[in-house]
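# Observations on the model geometry
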Amino acid sequence: MRYLVGAEEWPYRPLLIPAVDAETGEAVIWDRHGSASLPEAVAAGIAFPATAPPITIDGRRYIDGALRAGANVDLAGDARVLIVAEPMAHMFGTDGVTAGGGVVVRLVPDAEAIEAFGPDITEFR
């Protein structure tokens, strides 16, 4: 994950990465003030059952933050512009996100991206 993230340190600007405690189901929101490194938080936030193992941080095991609340847009608060990346929108639709009067920009795959993903978006090619 360190290679994919490209950084070990958290950025100075706010960045929230949701995950779920695999044992208790409790949500956790990682940020630069927590105990997880940036690569650990990213890995935990995308560790989806049956495709990637839980990530252990401080003796607890964490899984995909999407299991907390889909796109987790509630974390954006009163953002004026909300950018929502939905790489599987072609399979599951969008989640009807609104930004409380702000602008919502959706990043969804086009036909070329869907072709590149192949039948299983979680499979590394």
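See the structure printed just above.
This report concerns the structure included in the present document. It should be emphasised that the depicted structure is a prediction, and the values quoted were computed from it without experimental measurement.

## Here we look at the environment of Ala-19
Secondary-structure assignment places Ala-19 in strand S1 (residues 17–21). Note on Ala-19: relative accessible area 0%, which makes it buried. Sequence separation of Ala-19 and Ala-44 is 25 residues, and the distance between their C-alpha atoms is 6.1 Å. Ignoring sequence-local partners within four residues, the contact set of Ala-19 consists of Glu-26, Ala-27, Val-28, Trp-30, Ala-44, Gly-45, Tyr-62, Ile-63, Asp-64 and Gly-65.

## Observations regarding helix H2 (residues 38–45)
With respect to burial, H2 is a largely interior element, six of its eight residues being buried. At its buried positions, H2 is contacted by helix H1 (2–5), S1, strand S2 (27–30), strand S3 (55–57) and strand S4 (60–64).

## Comments concerning the nonpolar core
Among the nonpolar cores identified, the biggest contains 11 residues, and these are Trp-10, Ile-17, Ala-19, Val-28, Trp-30, Ala-36, Leu-38, Ala-41, Ala-44, Ile-57 and Tyr-62. Every element with two or more residues in this core is listed here: S1, S2 and H2. At three residues, the largest contribution of residues to this core is made by H2. Among all residues touching Leu-38, those that are not within four sequence positions of it are Val-5, Ala-7, Glu-8, Glu-9, Trp-10, Pro-11, Leu-15 and Ile-17.

Each value, and the rule that gives it
Residues numbered from 1 in each chain as written. Predicted model: local features only at pLDDT ≥ 70, side-chain atom pairs only at ≥ 80, totals over all residues. Heavy atoms only, no water. Helix = DSSP H or I, 4+ residues; strand = E, 2+ residues; numbered from the N terminus. Buried < 20%, exposed > 50% of the residue type's maximum accessible area, 1.4 Å probe, protein only. Contact = heavy atoms within 4.5 Å. Core = buried A, V, L, I, M, F, W, Y, C linked by side-chain atoms within 4.5 Å.

It is worth stressing that arrangement in space is one thing and function is another; only the former is reported here.
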